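Overview (structure and organization)
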Amino acid sequence: AGGTLYFTSAGVSVFQADGVAAAASGLVRVGGGTLSGASTTFTNVFSATYNAYKVIVTNAVSGSGNNTFFKLGATVTGYYYAGSYSTYAGAGPTTAAGANQSAWDLQGVAAGTRTMGYRIEIQNPFLSVQTVAEWDYISSDTAGAYGAFGGFLNNTTSYTDLVLGAGVSLSGRADIFGYSLS
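Just so we're clear, the structure is a prediction, and the values are computed from it rather than from any experiment. (Residues numbered from 1 in each chain as written. Predicted model: local features only at pLDDT ≥ 70, side-chain atom pairs only at ≥ 80, totals over all residues. Heavy atoms only, no water.)

Let's shift gears to the side chain of Lys54. Considering the arrangement of structural elements, one finds Lys54 in strand E5 (residues 52-62). Looking at Lys54, its side chain comes within polar contact range of the side chain of Glu121, at 2.6 Å. With residues near it in sequence (within four places) discarded, Lys54 still touches Leu27, Ile120, Glu121, Asp175, Ile176, Phe177 and Tyr179. (Helix = DSSP H or I, 4+ residues; strand = E, 2+ residues; numbered from the N terminus. Polar contact = N/O pair within 3.5 Å; in protein donor to acceptor, adjacent residues only side chain to side chain. Contact = heavy atoms within 4.5 Å.)

Here is the structure:
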């Protein structure tokens, strides 16, 4: 039986037999792009193909200094979260929480020259069960902070769309990946 031996980074090799389709593995990009305006909607990024997703937001800046947020589809109620953050100057940890909110509050404020990075994990947005999420943020200036949060959406609606915003304006980039089931 023939095949091809592929060499990847760090000396790892993978053999792929002839006539056999390669199984999807790891993270698969399902959407993303540039953030602009009060909010950006990424449509059809959640599906039955994946149960868990990772969203990476880079170089985020909110023009008004408003906290950034994310939500699923058009739902504007039922978001619960809790977490804490500490400043680089050593203040904290400070806790923050929200019950029955209009979106999940990412907490980080990116204003002026400060940029933010966010890592968001979302589980089961497409399934008709409660969706859970966890996220953290990192700011890029000496007055900044690091924070970690988690929460759930109190409904069992199936979603396909993700919305990221900041109320007035948000720039930056978001990349959305699905975790392979195999």
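Still more ground to cover, so stick around.
Let us now look at the pairing of E5. Of the strand pairs in this sheet, E5 and strand E10 (residues 116-123) are connected by seven bridges, and their pairing is antiparallel. Its bridge partner lying in E10, Ala60 is registered against Met116. Note: E5 against strand E14 (residues 170-179), eight bridges, orientation antiparallel. What sits directly across from Lys54, in E14, is Phe177. (Pairing = 2+ DSSP bridges.)

What follows deals with the side chain of Thr40. Tracing the backbone through its elements, the reader meets Thr40 in strand E4 (residues 39-42). According to the relative accessible area criterion, Thr40 is buried, its value standing at 11%. Reaching out from Thr40, the side chain makes a polar contact with the backbone nitrogen of Ser36 at a distance of 3.0 Å. (Buried < 20%, exposed > 50% of the residue type's maximum accessible area, 1.4 Å probe, protein only.)

As far as function goes, none of this settles anything; it's purely spatial.
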